[in-house]
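The primary structure of each chain is shown beneath.
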Amino acid sequence: MTEEQENRQQKFKSGFTVISGAPNAGKSTLLNLLVGEKISITSAKPQTTRNRIAGIAHGPGFQIVFLDTPGVHKSERNFNRRIVDVAWDAFDEADLVLMIADAARPDSASESLIMEKLRDKTGIPAVLALNKIDLVEKPKLLEQIDRWSKKYEFAEIIPVSATQGIQIPELVDAMTGLLPEGPPYFPEDAITDMPERFIVAEMIREKVFENTGQEVPYSTAVTIEDFSEDGKNGRISIHAAIHVERNSQKGIVIGRHGQMLKSIGTAARHDIERLLGIGVFLKLFVRVEKNWSKNPKVIKKLGY
Ligand SMILES: Nc1nc2c(ncn2[C@@H]2O[C@H](COP(=O)(O)OP(=O)(O)OP(=O)(O)O)[C@@H](O)[C@H]2O)c(=O)[nH]1
Ligand SMILES: [Mg+2]
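Every value quoted in this text rests on a predicted model; they were computed, and no experiment measured them. (Residues numbered from 1 in each chain as written. Chains lettered and ligands numbered in written order. Predicted model: local features only at pLDDT ≥ 70, side-chain atom pairs only at ≥ 80, totals over all residues. Heavy atoms only, no water.)

A. Examining the packing of aromatic side chains more closely. As enumerated under the stated definition, the model contains 8 aromatic pairs in all. When the ring of Trp88 is compared with that of Phe91, the centres are 5.7 Å apart and the planes differ by 50°; the resulting orientation is tilted. Taking the relative accessible area as the measure of exposure, Trp88 reaches 18% and is therefore buried. On the accessibility criterion, Phe91 (1% relative accessible area) is buried. Ring plane angle 65° and centroid distance 5.0 Å describe the contact between Tyr152 and Phe154, whose orientation is recorded as edge-to-face. (Phe/Tyr/Trp six-rings, centres within 6.5 Å; stacked < 30°, edge-to-face > 60°. Buried < 20%, exposed > 50% of the residue type's maximum accessible area, 1.4 Å probe, protein only.)

B. Highlighting the sheet that holds strand S8 (residues 236-244). Pairing is mixed across the open sheet formed by 3 strands, whose spatial order is S7-S8-S9. Where the open sheet ends on each side, the last strands, each with one partner, are strand S7 (221-229) and strand S9 (280-288). Between one strand and the next, the sheet's axes are offset by a mean angle of 20°, whatever the strand orientation. For S8 and S9, the ladder comprises 9 bridges, and the chain directions are parallel. (Pairing = 2+ DSSP bridges. Helix = DSSP H or I, 4+ residues; strand = E, 2+ residues; numbered from the N terminus. Axes fitted to C-alpha atoms, helices over the stretch in contact; angles between N-to-C directions.)

C. Summary view of helix H7 (residues 196-211). Taking 1.5 Å per residue as the helical rise, H7 with its 16 residues ought to reach 22 Å, and the 23 Å between its terminal C-alpha atoms agrees with that figure. With respect to burial, H7 is a largely interior element, 12 of its 16 residues being buried. Within the span of H7, buried status applies to Phe198, Ile199, Val200, Ala201, Glu202, Met203, Ile204, Arg205, Glu206, Lys207, Val208 and Phe209. Elements that come into contact with the buried residues of H7 comprise strand S2 (53-59), S7, S8, helix H9 (259-276) and S9. (Expected span 1.5 Å × (residues − 1). Contact = heavy atoms within 4.5 Å.)

D. Expanded view of the coordination of the magnesium ion (ligand 2). Taken together, the protein donors to the magnesium ion (ligand 2) comprise Ser28 (OG) and Thr49 (OG1), at separations of 2.0 to 2.1 Å. Taken together, the residues span a long stretch of sequence, with Ser28 in helix H2 (residues 27-35) and Thr49 in the loop between H2 and S2 at a distance of 21 residues. When sorted by exposure, Ser28 lands in the same class as Thr49, which is buried. (Donors = N, O, S within 2.8 Å, 3.2 Å for Na, K, Ca; no water.)

E. Main features of the domain arrangement of the chain. Splitting the chain by domain gives domain 1 (3-178) and domain 2 (196-301). Distance from the C-alpha centre of domain 1 to the C-alpha centre of domain 2: 28 Å. Taken together, the contacts link 17 residues of domain 1 with 21 residues of domain 2. Roughly 1,600 Å² is buried in total at the junction of domain 1 and domain 2, and carbon and sulfur atoms are behind 54% of that figure. Among the residues domain 1 hides against domain 2, the three largest losses belong to Ile41, Lys45 and Arg50. Together they make up 37% of the total. Across the contact surface, domain 1 and domain 2 share 3 salt bridges. For the salt bridge of Glu206 with Lys38, the shortest nitrogen-to-oxygen distance reads 2.6 Å. (Domains from an automatic or database assignment. Buried area = accessible area lost by both parts, 1.4 Å probe. Salt bridge = Lys/Arg side-chain N within 4 Å of Asp/Glu carboxyl O.)

F. The arrangement of the environment of Ile224 in detail. Mapped onto the elements of the fold, Ile224 is located in strand S7. On the basis of relative accessible area, Ile224 is assigned to the buried category, the value being 15%. Taking C-alpha positions, Ile224 is 18 Å from Lys297, a pair spaced 73 residues apart along the chain. Among all residues touching Ile224, those that are not within four sequence positions of it are Arg197, Val200, Ala201, Ile204, Ile238, His239 and Ala240.

G. Fine view of the sheet that holds strand S5 (residues 126-131). One open sheet holds the 6 strands; their spatial order is S2-S3-S1-S4-S5-S6, and the pairing between them is mixed. Sheet topology places S2 and strand S6 (156-159) at the edges, where each strand pairs with a single neighbour. The mean angle between the axes of side-by-side strands here comes to 25°, regardless of whether they run parallel or antiparallel. Looking at chain direction, strand S4 (residues 96-102) and S5 are connected through 6 bridges and run parallel.

H. Region of the structure containing the pattern of salt bridges. In the structure shown here, the tally under the stated rule is 18 salt bridges. Between Arg269 and Glu273 there is a salt bridge; the shortest N-O distance is 3.6 Å. Of the two residues, Arg269 and Glu273 are both situated in helix H9; the distance of 4 residues between them amounts to about one turn of the helix. By relative accessible area, Glu273 is classed as partly exposed at 21%.

I. Quick peek at the side chain of Ser219. Note on placement: Ser219 falls in the loop between H7 and S7. What makes Ser219 buried here is its relative accessible area of 4%. Among the polar contacts listed, one links the side chain of Ser219 to the side chain of Glu245, at a separation of 2.9 Å. In this structure the side chain of Ser219 is engaged in a polar contact, spanning 3.2 Å, whose partner is the side chain of Gln249. Residue contacts for Ser219: discarding those within four places in its chain leaves His243, Val244, Glu245, Gln249 and Trp292. (Polar contact = N/O pair within 3.5 Å; in protein donor to acceptor, adjacent residues only side chain to side chain.)

Following this line, the structure appears as structure tokens:
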């Protein structure tokens, strides 16, 4: 290696950044924006994300591997505790923490959980992104910044809006400044470590989140049963099962004359086609897996 090559390599910044925050703070929305592709599903309802999803952001002189995680919260529900554990486990991989807080709606219970974790993990720098600033007036935002700066010694506090794309370069600069020097972990064209099948299943689950209410989204899991080249018209053929916990929920997801399932399928297919860049034939089934979210074995089988 020449001296110049060595210098260049040494200056390259790379590392793992765990994205942590309360449910619904905007973690997955921000991840997608930072990566430049939709790889993590989002919704207006809390507790959308259930897995640790790596999203890779490439830039001049840096590569940041973001780990999107479930929103942390206290819950009596077995399944919720399981997914919150997934969020905490991601901290073990982190060189940097990107905490996301909703500037419009503080969530003190979740905030204290994360503060506790950060104090526990001394040595890992943390940046706070105060998100959704498009929803707050300036005086209230200044109040929030003040409140947060007294709560914890963040390396930086940056007000942002993930949906409006406000102050994103500033956020990226702050993070690259804090990352260690090192070679890239992933090839230049990689955007995630999750298989296509996983993201496809998630896109279907997102449509269930969007189209159904009350407990139904939280009783739903999606698995891919078949994923193959159709042969016909060069399309990909995907069979997916939507698992619910009760017969009544199955009825809701199918809807009158199958209308609901049709809407879910059409919306999901559009997203999947955009992701895969190819025509898709999508077939959905609804299955009742009685009380799956209470059974650790079945939870595992469904991918959690
Ligand atoms: N107005 C506004 N809405 C936002 C912003 N960022 C995210 N949202 C919305 O907030 C909601 C939650 O976003 P998500 O990205 O799913 O939040 P999350 O933190 O990943 O949520 P969980 O996975 O449930 O923990 C969605 O309806 C987003 O469109 C923002 O900057 N401004
Ligand atoms: Mg999320």
